[in-house]
Each structure stands twice: as structure tokens, then as C-alpha cells.
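Observations on the three-dimensional arrangement
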Amino acid sequence: EASVVDIKLMQCDSCKRSFAPKVYAKHFDSNGQPKCAGILDKKRGVFNSAKARIKNNSNLNNDEQMQSLQINKKVTKELSKKLQGKASKKRSKKRW
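What you see is a predicted model, and the numbers here were worked out from it, not measured in a lab. (Residues numbered from 1 in each chain as written. Predicted model: local features only at pLDDT ≥ 70, side-chain atom pairs only at ≥ 80, totals over all residues. Heavy atoms only, no water.)

Overview of the packing of aromatic side chains
A complete count under the given rule lists one aromatic pair for this structure. For the ring pair Tyr24 and Phe28, a centre distance of 5.0 Å and an interplane angle of 75° mean the geometry is edge-to-face. For Phe28, a relative accessible area of 23% translates into the label partly exposed. (Phe/Tyr/Trp six-rings, centres within 6.5 Å; stacked < 30°, edge-to-face > 60°. Buried < 20%, exposed > 50% of the residue type's maximum accessible area, 1.4 Å probe, protein only.)

If you want it as C-alpha cells, here you go:
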């Protein structure tokens, strides 16, 4: 016979997430405001995996890391321009 714990979940009015009562109490700061209130307004940036790899590479010193980051930024910018050019060419083709 499996035991089932019946917990009534409480929903946050700001983020609409549901929490167990103990966790729900932690979801609010000392002023009584939900911790999620300001987070939902911020847009998350695009993750750059190359940048993360370079920063976590212990074989590179700081100067080498900075140089690699600058090269990566330059290559990414050039690639982005190429892709935008291809996309605009595709849109401009007329098909009858």
C-alpha cells in the first residue's frame, strides 16, 4: 500500500506558480512582496556558449581570454551580417 501525502498548494498571484505552504512563505521577502515580482519584467539575455567556454578555460591566462573573446565577438558579428544578407535576398526573390 503506497502512502500519498495530500498537500494543498498555494498559488502566487504574481507568477501563478504553486507552492507547498512552507515554500510559499519563503517566496515572499521581509516586506511581504513576492520575490518574483521584479524578475518577470526583466528580459533574459541570449546565452553565449563560446564566451562561457573561454572564461572557464583554465589553460588560458587573462590576456588570452580577452583576446579570444574579442575574436569571437568579431566573428559573431560578421556571421550575423552574412545571415541577415541571405535572409533579405530570400525575401526579395519573386516567384511567379
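Following the structure, the description resumes.
Structural notes on the nonpolar core
With five residues, the main nonpolar core is built from Cys12, Cys15, Phe19, Tyr24 and Cys36. When neighbours within four sequence positions are excluded, Cys36 is seen to be in contact with Cys12, Ser14, Cys15 and His27. (Core = buried A, V, L, I, M, F, W, Y, C linked by side-chain atoms within 4.5 Å. Contact = heavy atoms within 4.5 Å.)

Remarks on a positive patch on the surface
On the surface, Lys51, Lys55, Lys73, Lys77 and Lys81 cluster together into a patch of positive charge. Mapped onto the elements of the fold, Lys81 is located in helix α3 (residues 62-92). Using a relative accessible area of 59% as the deciding quantity, one classes Lys81 as exposed. (Patch = residues over 30% accessible without salt bridge, like charges linked within 9 Å, V, L, I, M, F, W, Y side chains within 5 Å. Areas by Shrake-Rupley, 256 points an atom, 1.4 Å probe, with all protein chains shown as cover. Salt bridge = Lys/Arg side-chain N within 4 Å of Asp/Glu carboxyl O. Lys, Arg positive; Asp, Glu negative; His and termini not counted. Charge placed at Lys NZ, Arg CZ, Asp CG, Glu CD. Helix = DSSP H or I, 4+ residues; strand = E, 2+ residues; numbered from the N terminus.)

Describing the environment of Gln65
By the secondary structure assignment, Gln65 is in helix α3. On the basis of relative accessibility, which here comes to 14%, the residue Gln65 falls in the buried class. It is 6.1 Å that separates the C-alpha atoms of Gln65 and Ile54, two residues lying 11 residues apart in sequence. Beyond its immediate stretch of four places on either side in the chain, Gln65 contacts Ile54, Lys55, Asn57 and Leu60.

Let's talk about unusual backbone geometry
Leaving glycine aside, a negative phi is the common case for residues, and trans is the common case for peptide bonds. Positive phi is not limited to glycine here, since Lys16 has a value of about 65°. Residue position: Lys16 is located in the loop between β1 (10-11) and β2 (18-19). Look at Lys16 and you get exposed, because its relative accessible area is 52%.

Topic: the environment of Ala52
Mapped onto the elements of the fold, Ala52 is located in helix α2 (residues 49-55). The partly exposed category is assigned to Ala52, whose relative accessible area is 24%. Along the sequence, Ala52 and Leu69 sit 17 residues apart, while their C-alpha atoms lie 9.7 Å from each other.

Some remarks on a nonpolar patch on the surface
A cluster of nonpolar side chains, namely Val5, Ile7 and Leu9, defines an oily patch on the protein surface of about 320 Å² accessible area. Along the chain, the position of Leu9 falls in the segment before β1. Taking relative accessible area as the criterion, Leu9 reaches 53% and is therefore assigned exposed.

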